[in-house]
Amino acid sequence: MSRAPNTPRSPFIAPAWITVASIVGLVSALIGDGVFDVVSWLIFAALIGLFVRAWIKRERTREPKR
Amino acid sequence: MQRSTLKAWFLVHKWTSLVCTVFLLLLCLTGLPLVFWEEIGHLTGADPEVAPAAAGAQPQNLDDLVNQALAQYPGDVPLFLGWDDHSPSVYVNTGARPDTPPPEMHTAILHEYTGEVLPAPQFNEGVMYFIYRLHTDVFVGLPGMLFLGAMALLFAVAIVSGVVLYGPFMRKLPFGTLRTGRSRRLAWLDLHNVLGIVTLGWAFVVGITGAINTLAKPLEQAWQTQQLGEFARRYEGRSRPAQFASLDDAVAKARAAEPGMKPAFVSFPGTGYSGDHHYGVFMNGDTPLTERLYRPVLIDVETGEITARPQLPGYMTTLLLSQPLHFGDYGGMPLKILWALLDLLTIAVLASGLYLWFKRGSTEARVTEIERAGLVADAGAAR
């Protein structure tokens, strides 16, 4: 079933995903080498990428004075 | 969420953060070079460059290597011998007495195949050791470690309370909102939120595992008293032997007893790791996980026979697994670089948190700002 229109997403969805991804990234490199390391690198690079994306898309304009 | 509940979480976040921030900054700043300790050691020449073993060469007899190490430090007794995972070398720690603490130990590094003594500084000297002590116990031993552990736990509480506050603040804002064009305080607040959430899982795990690591000494002592004490009681009333059976044979027996593993280090009698009557040959595996999970093989130093192969208790396994998760040294250079970047982002979270505290205004105004979902954050800045 799809989400009803105008239903706000929970703000905790992103933190939950980030926590799960971080744990997968931390454990992955611990359980093996090779592809397990690569999974870990990709996850942490993606997390840093989230900040870079937010920085690039930052709102720089000033609100007009009322 | 009720305003009173929100206010309570705000105060928890504010005070847990304030108390731990300065110490967390110290830990993040000192932790940064420690991530690259090995690489810095090679670049500065502190760690010896070890020639690869010649084809077909056989490792030197371990007893001979120990004797060569002892010749470097006359009057010392052997404490530990360990193998380097990355080069054909072994280290031998010696000291004036069997229970010499690490800061007073001497170290000799020898080529495993030629027996050559390699020029290397002591592990407990130099800038990196200074940084390491700052990071682990601020030079005051166990009380310093436990204090830093308490700060790490406060950091974990600050992270949890920060996530609780993040929800109502962000409920009308898209993820990653960063408003740098309005007030400076709003820009720092958004930056604090974005960085705090991006580093959330990593910082929480590194904080908690750091707190667990500060319990290393009490946990090791508990293990020595409980598990090793059980074996030591069989030797009650007998003094520590003066002559030891061959170490080389002892390690060969340990290898035969644990065929899927390799020796990581050996503790000599009296060091606290294997009682007064045993070599403790600590075996490990060769995957990132199993190389942290030691299996001690206790070998009687008089008879040279295996006495026991005890399983490490759960709390020691937890401690050993928490070490890589704190240090980030288990996924190659890319993970180290990412670890360092996440460390830098955490420093930015701490610095932005401090800035927000300096520009704080009243608690009521901040709680109102969160209640109104961050949409009037500018108004708070004007107070």
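Residues numbered from 1 in each chain as written. Chains lettered and ligands numbered in written order. Predicted model: local features only at pLDDT ≥ 70, side-chain atom pairs only at ≥ 80, totals over all residues.

Student: Help me get a handle on the sheet that holds strand 6 (residues 278–284) of chain B, residues and values and all.
Tutor: Residues and elements named next belong to chain B. Strands sit in the order 4-3-2-1-5-6-7-8 across an open sheet of eight strands; the sheet is antiparallel. For this open sheet the edge positions go to strand 4 (117–118) and strand 8 (306–308), each flanked by a neighbour on one side alone. As paired elements, strand 3 (residues 106–111) and strand 4 share two bridges and run antiparallel to each other. Note on strand 4: the bridge partner recorded for Ile 109 is Leu 118. Packing of helix 3 (residues 62–72) onto the sheet brings it into contact with strand 1 (77–83), strand 2 (89–95), strand 3 and strand 4, and relative to strand 2 it is tilted by some 50 degrees. Sheet contacts for helix 9 (residues 247–257): strand 5 (262–267), strand 6, strand 7 (295–300) and strand 8; angle to strand 6, the most-contacted strand, approximately 45 degrees. (Pairing = 2+ DSSP bridges. Helix = DSSP H or I, 4+ residues; strand = E, 2+ residues; numbered from the N terminus. Contact = placed C-beta atoms within 7 Å. Axes fitted to C-alpha atoms, helices over the stretch in contact; angles between N-to-C directions.)

Student: Tell me what's going on with the interface of chain A and chain B, and back it up with residues and numbers.
Tutor: The interface is formed by 35 residues belonging to chain A together with 34 residues belonging to chain B. Listed by contribution, the elements that provide at least two residues to the side of chain A that touches chain B are helix 1 (13–31) and helix 2 (35–56) of chain A.

Student: Just give me the short version of the confidence of the model for chain B, but keep the residues and values in it.
Tutor: All names here are of chain B. Overall, the predicted model of chain B reaches an average pLDDT of 90, with 97% of residues at or above 70. Ignoring residues within four places in sequence, the model shows residues 377–383, a span with pLDDT below 50, making 16 contacts including any to other chains. Of the two predicted TM-score estimates for the complex, the pTM is 0.87 and the ipTM is 0.87. (pLDDT = per-residue confidence, 0-100.)

Student: Please set out the pairing of strand 5 of chain B residue by residue, giving values where relevant.
Tutor: Residue and element names in this part refer to chain B. The pairing of strand 1 with strand 5 spans three bridges and is classified as antiparallel. Opposite Leu 81, over in strand 5, you have Val 266 as the bridge partner. In this sheet, strand 6 lies alongside strand 5 in antiparallel orientation, the contact comprising five bridges. Paired with Ser 267 across the two strands is Gly 280, which belongs to strand 6.

Student: Give me the packing of helix 2 of chain A against helix 11 (residues 332–358) of chain B: which residues, what numbers.
Tutor: Between helix 2 of chain A and helix 11 of chain B, the shortest axis-to-axis distance is 10 Å and the interhelical angle comes to 25 degrees. Judged on the interaxial angle alone, helix 11 of chain B and helix 2 of chain A are roughly parallel. The hand of the helix 2 of chain A/helix 11 of chain B crossing is left-handed. Only Gly332(B), Pro334(B), Leu335(B), Leu338(B), Leu341(B), Leu342(B) and Leu345(B) of helix 11 of chain B make contact with helix 2 of chain A, whose side of the interface consists of Asp37(A), Ser40(A), Trp41(A), Phe44(A), Ala45(A), Ile48(A) and Phe51(A). Across the contact of helix 2 of chain A with helix 11 of chain B, the residue classes break down as eleven nonpolar, two polar and one charged. (Parallel < 35°, antiparallel > 145°, perpendicular 65-115°, else oblique. Left-handed = near helix turned anticlockwise from the far one by under 90°. Nonpolar A, V, L, I, M, F, W, Y, C, P; charged D, E, K, R; others polar.)

Student: Kindly report on the nonpolar core, identifying the contributing residues and their values.
Tutor: A general trend in soluble globular proteins is that nonpolar side chains are found buried together. Counting residues in hydrophobic clusters, the biggest one holds 55 residues, and the most contacted among them are Leu24(B), Met151(B), Phe155(B), Val194(B), Leu195(B) and Val198(B). Sort the elements by how many residues they give to this core and helix 5 (residues 142–170) of chain B lands first, with twelve residues. Residues within four places of Val198(B) in sequence aside, it is in contact with Ile18(A), Leu47(A), Leu50(A), Phe51(A) and Leu345(B). Counting 28 residues, the second-largest nonpolar core is a separate cluster that includes Leu81(B), Met283(B), Val297(B) and Ile299(B). (Core = buried A, V, L, I, M, F, W, Y, C linked by C-beta atoms within 7 Å. Buried ≥ 20, exposed ≤ 12 C-beta atoms within 10 Å, placed from the backbone.)

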